[in-house]
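Close look at the chain arrangement
The primary structure of each chain is shown beneath.
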Amino acid sequence: MSNSFRTIQEILDASRRGDSLYSIYQCLEQSEALLKERQKNAFELLFEISIPSLTEEQAKELVSFPTDYLAIYSTTISLPIAQAISQFKGTYLSLRKLQEIDEQIAKILSQFRGKGRDKNSGILFKNSGILFNSLSLNGLSQINEASAKAFAQYDGWLNLDGLKQIDESIAKAFSQLPAKFISLNGLEEINELTAKALSQFQANLSLNGVQEINEAMLVLISQFQGKQLSLNGVTQINETVARLLASFQGNKLSLDGVQQIDESIANIFSKYKVNWLSLNGVSQINEKIARIFAEFQGNALSFGIQQIDKAIAKELTQFNGIWLGLNGLRQIDETIAESFTQFKGRYLSLEKIQQLEDTAAKVLAKYKGTIFTTEKISDQINKFKKNIF
């Protein structure tokens, strides 16, 4: 077999010859022109051309691929196939095309453990040190109570973004699962009984499809027993809603869809008791708002601001928490870098920095905490850090 494929016929020929799925996949990864033409990745094209319906033998071969991510594109799976793919040893298992699931299949898939809890596996929650495996079933548009309960053994990250609505019984079943994170981003609204049931979930819950904080959502927010609640679909917050959100007692509240805030809302937010407030959709703040947020009572604060001057940087670095995220900045000069070194917290997040002059990198190297940024920028900073500490 050649190192790459030029045509679909070559893939079909390789499949008919009995070439292994992994060898076909390897060649597909090198077939840049063909992948671009079909607008698919190697896994997608592998399933479309070579695996119109997955067999048990093929499933066993797929889980042996030396990869951390495995995507299965079958719309249905049998019990033996479910059993085979549940043995996958990577981190992320996706069955994004699966359209229905019964109790038996759910129970088998809940046995997926990937690499377990090895320190080098799983999805890392920054600042938590906790690693989770992820099971994605985003093709499901509905699920019954028995199937929801059948995930009782799964303790990783469970993605069910295809669900458009759930009732109280399903919500109650979800709330009792040991999963560390449940994503229900397909839900656009929920009633009060469903909200109350979901509020009992003990870990991290994502409801990014919800666009409005109504009475039902306020029930969920005020009674939430979990750690993290993500409401990134909410784009606007007024003073009344801001005050009501203050009833949230979890660890992290994520409102990354909110694009702008004024001084009155900033004042309300600054008095929140939540440990981590994420506002990564806010791309611009002024000096006064920065000064207000420096008084935030929690330990972690994140913005998506795209431009910053010395005055704003100086105010934000007065924040007394341990984490400051400024994840919209693309570049900074040495003057801003100098202000950042005054931050007394342990973590400074600059994930979007794309270029940094050596003069600014040398200044940032003086920061005594940990800087989260791209590998390229991190290496640039560390080059100077060796000469300082």
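In this report, the structure presented in the accompanying data block is examined.

Rules used throughout
Residues numbered from 1 in each chain as written. Predicted model: local features only at pLDDT ≥ 70, side-chain atom pairs only at ≥ 80, totals over all residues. Heavy atoms only, no water. Salt bridge = Lys/Arg side-chain N within 4 Å of Asp/Glu carboxyl O. Helix = DSSP H or I, 4+ residues; strand = E, 2+ residues; numbered from the N terminus. Core = buried A, V, L, I, M, F, W, Y, C linked by side-chain atoms within 4.5 Å. Buried < 20%, exposed > 50% of the residue type's maximum accessible area, 1.4 Å probe, protein only. Contact = heavy atoms within 4.5 Å.

**Let's talk about the pattern of salt bridges**
The full count for this structure, using the stated rule, is 10 salt bridges. A salt bridge links E145 to K149; its shortest N-O distance comes to 3.1 Å. Placement of both E145 and K149 in helix 8 (residues 145-149) is noted, with a separation of four residues, approximately one turn of the helix. Taking the shortest distance from any N to any O, the salt bridge between E315 and R291 comes out at 3.4 Å. Linking E315 in helix 15 (residues 310-316) with R291 in helix 14 (residues 287-293), this pair joins segments that are 24 residues apart in sequence. It is possible to trace a salt-bridge network through shared partners that takes in E287, R291 and E315.

**Re the nonpolar core**
Counting 136 residues, the largest nonpolar core has L137, F174, L184, F269 and F340 as the members making the most contacts within it. Sort the elements by how many residues they give to this core and helix 4 (residues 42-50) lands first, with six residues. If we skip the residues at most four places from it in the chain, F174 touches I143, A148, L160, L163, I166, I182, L184 and F201.

**Examining the environment of S15**
Mapped onto the elements, S15 comes out in helix 1 (residues 8-17). Residue classification places S15 among the partly exposed positions, given a relative accessible area of 29%. S15 sits 34 residues away from I49 along the chain, and the two C-alpha atoms are 8.6 Å apart.

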